[in-house]
Amino acid sequence: MSAIFSPGKLMLTSEYFAIDGALVLAVPTRLGQEFFFEEKDDHQSLILWEALHQNKPWLKAVINYKNWQILETNIPSSAEFILKTLKNVQQLSTTQFRNDFTYHLKTNLQFPADFGLGSSSTLMNNLAEWAEIDPFHLNAISLGGSGYDIAVAKEKSAVLFQSKPEIRYEKVDFDPPFKNELIFIHLNQKQDSREGINFYKSKNKSPELVNEFSNITKKILLCNELENFSELMMIHERKIADFLDIPTVKEKIFPDCPVFVKSLGAWGGDFVMSAKFGDYKDYFWEKGFTTVFEWSDIINL
């Protein structure tokens, strides 16, 4: 079987404001999603879909792509999403699902699904690369969202990303001298990103506020000292908390933490970023957060 790989991502700045065109800084993770594929000229017009989570079987589906029917599956709701996405692939592609071959398609998500590192975006990018179609278009009609995660998966690099007035992004060299002082803590409280986005969309925001997040992102990219970086992260966190009218993750969970704590992605959910201090591992473990990564453990730059 041939293979394609897309890395996961961590969104360091702009969170919800990415939807309205704020400049985003995002980085690729070491773990991502593998995609394996082979074709068989047997006139069956079938898709044999197999999805693994960390090499363990999760979803199986047999789909007839002439009439787009699920013939068998172990998880109907997940198979329906796969069917919809593959139907979109067929519409956009000039080559895939245009004959009567059987396609054996297999994915392996390398990180736990509750990490929020981009199980969907890595799938979209892998499928788009395989079908030679635009991953942003496939993502837009299959899932929605700003598309920053697609840019990271596609470029396999840190990116500066903007969704408006149109999608544009550039690869950037984000290699802060203090990177080995940064840590990433998994909260194990997976959030529904769509729920958070809908809540954000329900609130009025000004172009000036969107620009403030873009400016913070630009400053963060130029940071050479942890002190400046920490200060910018705290300002960023406070601005979003005030806008959403909810407490910061530090106020809510880590009020006695001696350094900054910043939410990443949908607030209250997957990962937070912080910095090392004296007994930081004991501090987070005592609060019940035992998954703590250093920069080199999780970031692939």
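Residues numbered from 1 in each chain as written. Predicted model: local features only at pLDDT ≥ 70, side-chain atom pairs only at ≥ 80, totals over all residues. Heavy atoms only, no water.

Draft legend 1. Examining the packing of aromatic side chains more closely. Counting across every chain of the model gives 27 aromatic pairs. Centre to centre, the rings of Phe115 and Phe293 are 6.1 Å apart; their planes meet at 75°, and the pair counts as edge-to-face. Highlighted residues: Phe115 in the loop between strand S6 (102-109) and helix H2 (119-131) and Phe293 in strand S12 (residues 292-294), separated in sequence by 178 residues. Given the relative accessible area of 11%, Phe115 is considered buried. An aromatic cluster is defined as three or more aromatic residues linked by ring pairs; in this entry it consists of Phe35, Phe37, Tyr65, Trp68, Phe97, Tyr103 and Trp130. (Phe/Tyr/Trp six-rings, centres within 6.5 Å; stacked < 30°, edge-to-face > 60°. Helix = DSSP H or I, 4+ residues; strand = E, 2+ residues; numbered from the N terminus. Buried < 20%, exposed > 50% of the residue type's maximum accessible area, 1.4 Å probe, protein only.)

Draft legend 2. Summary view of the pairing of strand S3 (residues 46-53). Across the eight residues that make up S3, a large majority, six, are buried. Examined bridge by bridge, S3 and strand S4 (residues 56-64) share eight bridges and lie antiparallel to one another. From the neighbouring strand, Ile47 faces S4, where its bridge partner is Ile63. The hairpin formed by S3 and S4 contains two residues between the paired strands, and Gln54 there has a positive phi angle of roughly 50°. Where S3 meets S6, seven bridges bridge the pair, whose relative direction is parallel. When the bridges of S6 are listed, His53 appears paired with Leu109. (Pairing = 2+ DSSP bridges.)

Draft legend 3. Broad picture of H2. Taking 1.5 Å per residue, 13 residues should reach 18 Å; H2 reaches 19 Å between its end C-alpha atoms and fits that length. Turning to H2, its buried residues number three or more, namely Ser121, Thr122, Leu123, Met124, Asn125, Asn126, Leu127, Ala128, Trp130 and Ala131. Once H2 finishes, Glu132 follows within two positions and takes phi at roughly 55°, a positive value. (Expected span 1.5 Å × (residues − 1).)

Draft legend 4. Structural context of the sheet that holds strand S10 (residues 261-263). On the basis of which strands lie adjacent, the open sheet formed by four strands has the order S10-S11-S9-S12 and antiparallel pairing. The two strands at the open ends of the sheet, each matched to only one other strand, are S10 and S12. In this sheet, neighbouring strand axes are inclined to one another by 25° on average, regardless of whether the strands run parallel or antiparallel. Bridging between strand S9 (residues 182-186) and strand S11 (residues 271-275) involves five bridges; their strand directions are antiparallel. Its bridge partner being in S11, Leu182 is matched across the sheet by Ala275. (Axes fitted to C-alpha atoms, helices over the stretch in contact; angles between N-to-C directions.)

Draft legend 5. Inspection of the pattern of salt bridges at higher detail. Counted under the stated rule, the structure contains ten salt bridges. Here Arg238 ties to Asp242 by a salt bridge, and the two come within 3.0 Å at their closest N and O atoms. Taken together, the positions of Arg238 and Asp242, both in helix H7 (residues 226-244) and four residues apart, correspond to about one turn of that helix. One salt-bridge network, held together by shared partners, links Asp20, Lys164 and Lys205. (Salt bridge = Lys/Arg side-chain N within 4 Å of Asp/Glu carboxyl O.)

Draft legend 6. Region of the structure containing the packing of helix H1 (residues 76-92) against H2. Remark: H1 packs on H2, axes separated minimally by 11 Å, with the N-to-C direction vectors making an angle of 35°. Taken as a pair, H1 and H2 cross one another with a handedness that is right-handed. Contacts between H1 and H2 involve Phe81, Ile82, Thr85, Leu86 and Val89 on the former and, on the latter, Leu123, Met124, Leu127, Trp130 and Ala131. Among the residues making up the contact of H1 with H2, the classes are represented as nine nonpolar, one polar and no charged. (Left-handed = near helix turned anticlockwise from the far one by under 90°. Contact = heavy atoms within 4.5 Å. Nonpolar A, V, L, I, M, F, W, Y, C, P; charged D, E, K, R; others polar.)

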